[in-house]
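One-letter residues, chain by chain:
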Amino acid sequence: MVEIFSGHPMMMRLLDASEEEKSLCVAPALAIAEAQAAMCLDRRLWRHVLGFPGLRALPLTDEDALDVGEIAAPRIQNHPVHKALIGPLMTAQVLHEARTMKALIVTRVPEAYGSHDDVAVQLIQ
């Protein structure tokens, strides 16, 4: 996604080919989320790019999320810095949903949600 926004020639050729229905370009939901976290772009730019005729955003269904979690597990479990249950995208989604639903976050890792005073967090042990 970052390369699309930077106008990378190969990505532009792939998008052109997808508009001519010679191929299909897809953007998985987490790729979009990671790119937005890295670039902090205006949503209007995203709407423009995600509106390209040959580009499809792929939602993350519950089954897909389970598959992704299984793939990510070894990387998280053996990573020297990142720990399971406190990934930035996961915590951001939990915060977003809690705000939207005006809900309480119940967690064993309350520090993951620090500095977000607009959301209540309950420690479980």
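Structural data are supplied above this passage.
Here's a quick rundown of the structure. (Residues numbered from 1 in each chain as written. Predicted model: local features only at pLDDT ≥ 70, side-chain atom pairs only at ≥ 80, totals over all residues. Heavy atoms only, no water.)

## Digging into the packing of aromatic side chains
Then, number 1: This model, assessed by the stated rule, comprises one aromatic pair.
Then, number 2: Summarising the aromatic geometry, the rings of phenylalanine 5 and tryptophan 46 are spaced 4.7 Å apart at their centres and angled 70° between planes, so their arrangement reads as edge-to-face. Separated by 41 residues along the polypeptide, phenylalanine 5 in helix 1 (residues 2–5) and tryptophan 46 in helix 4 (residues 43–50) bring together distant segments of the chain.
Then, number 3: Of the residues examined, phenylalanine 5 reaches a relative accessible area of 24% and is grouped as partly exposed. (Phe/Tyr/Trp six-rings, centres within 6.5 Å; stacked < 30°, edge-to-face > 60°. Helix = DSSP H or I, 4+ residues; strand = E, 2+ residues; numbered from the N terminus. Buried < 20%, exposed > 50% of the residue type's maximum accessible area, 1.4 Å probe, protein only.)

## Section: the side chain of threonine 107
Then, number 1: Here threonine 107 is to be found in strand 3 (residues 105–107).
Then, number 2: Here threonine 107 falls in the buried class, since its relative accessible area comes to 10%.
Then, number 3: A distance of 2.9 Å separates a polar atom in the side chain of threonine 107 from the backbone nitrogen of valine 109.
Then, number 4: Setting aside residues up to four positions removed in sequence, threonine 107 forms contacts with Tyr113, Val121, Gln122, Leu123 and Ile124. (Polar contact = N/O pair within 3.5 Å; in protein donor to acceptor, adjacent residues only side chain to side chain. Contact = heavy atoms within 4.5 Å.)

## Focus on the pairing of strand 1 (residues 25–28)
Every other side chain in a regular strand lies on the same face of the sheet, so the side chains alternate between the two faces.
Then, number 1: Every second residue of strand 1 is oriented toward a common face, the buried set being Cys25 and Ala27 and the non-buried set Val26 and Pro28.
Then, number 2: Here strand 1 runs beside strand 2 (residues 55–58); their pairing, made up of four bridges, is parallel. In the sheet register, valine 26 faces strand 2, and the bridge partner there is arginine 56. (Pairing = 2+ DSSP bridges.)

## Structural notes on the side chain of serine 18
Then, number 1: Mapped onto the elements, serine 18 comes out in helix 2 (residues 9–19).
Then, number 2: A polar side-chain atom of serine 18 sits 3.5 Å from the main-chain carbonyl oxygen of glycine 54.
Then, number 3: Ignoring sequence-local partners within four residues, the contact set of serine 18 consists of Ser23, Leu24, Cys25, Gly54 and Leu55.

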